[in-house]
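# Examination of the molecular architecture
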Amino acid sequence: MSPKPNLYDDDDGRVIVNMDVEGMPWHDSRKQHQNFSQQSTAQGGQMTRSESRLYTWYAVLYGLLIAAVFSATWILFTLFCTQIWFK
């Protein structure tokens, strides 16, 4: 039997998520499950302590910036409603 041609150009045949779940009609208990997490290797390695602190610090700063923008928007909306709209 010849292999079927790919329907999509970007399909390379790799399995992203194994859908062979126990209890489903297509479950094949004879097939050994591959552990995909052990096969993949991390690219780039582990971050150092200073790098992880830096990433955490910038994440906190960006979170505070977003909170400040939402707070300023809420305050300006409240001032607009009380001083202009409802007069």
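These numbers come from a predicted model, not from an experiment. (Residues numbered from 1 in each chain as written. Predicted model: local features only at pLDDT ≥ 70, side-chain atom pairs only at ≥ 80, totals over all residues. Heavy atoms only, no water.)

## Section: the overall build of the chain
- Along the chain, the regular secondary structure elements total two helices and zero strands.
- Counting only carbon and sulfur atoms, one obtains 62% of the accessible surface of the chain, whose full area is about 9,200 Å². (Helix = DSSP H or I, 4+ residues; strand = E, 2+ residues; numbered from the N terminus. Areas by Shrake-Rupley, 256 points an atom, 1.4 Å probe, with all protein chains shown as cover.)

## Considerations on the packing of aromatic side chains
- Tallied over the full model, the rule gives three aromatic pairs.
- Between the aromatic rings of Trp74 and Phe77, the centroid separation amounts to 6.1 Å while the plane-to-plane angle is 40°, which identifies the pairing as tilted. With Trp74 and Phe77 both in helix 2 (residues 49-85), this residue pair falls three residues apart, about one helical turn.
- Arranged with centres 5.5 Å apart and planes meeting at 15°, the rings of Trp85 and Phe86 form a pair that is stacked. (Phe/Tyr/Trp six-rings, centres within 6.5 Å; stacked < 30°, edge-to-face > 60°.)

## Here we look at a nonpolar patch on the surface
- A surface patch of nonpolar side chains, about 920 Å² in accessible area, is lined by Leu54, Trp57, Tyr58, Val60, Leu61, Tyr62, Leu64, Leu65 and Val69.
- Relative to the assigned elements, Leu64 resides in helix 2.
- Judged by its relative accessible area of 54%, Leu64 falls in the exposed class. (Patch = residues over 30% accessible without salt bridge, like charges linked within 9 Å, V, L, I, M, F, W, Y side chains within 5 Å. Salt bridge = Lys/Arg side-chain N within 4 Å of Asp/Glu carboxyl O. Buried < 20%, exposed > 50% of the residue type's maximum accessible area, 1.4 Å probe, protein only.)

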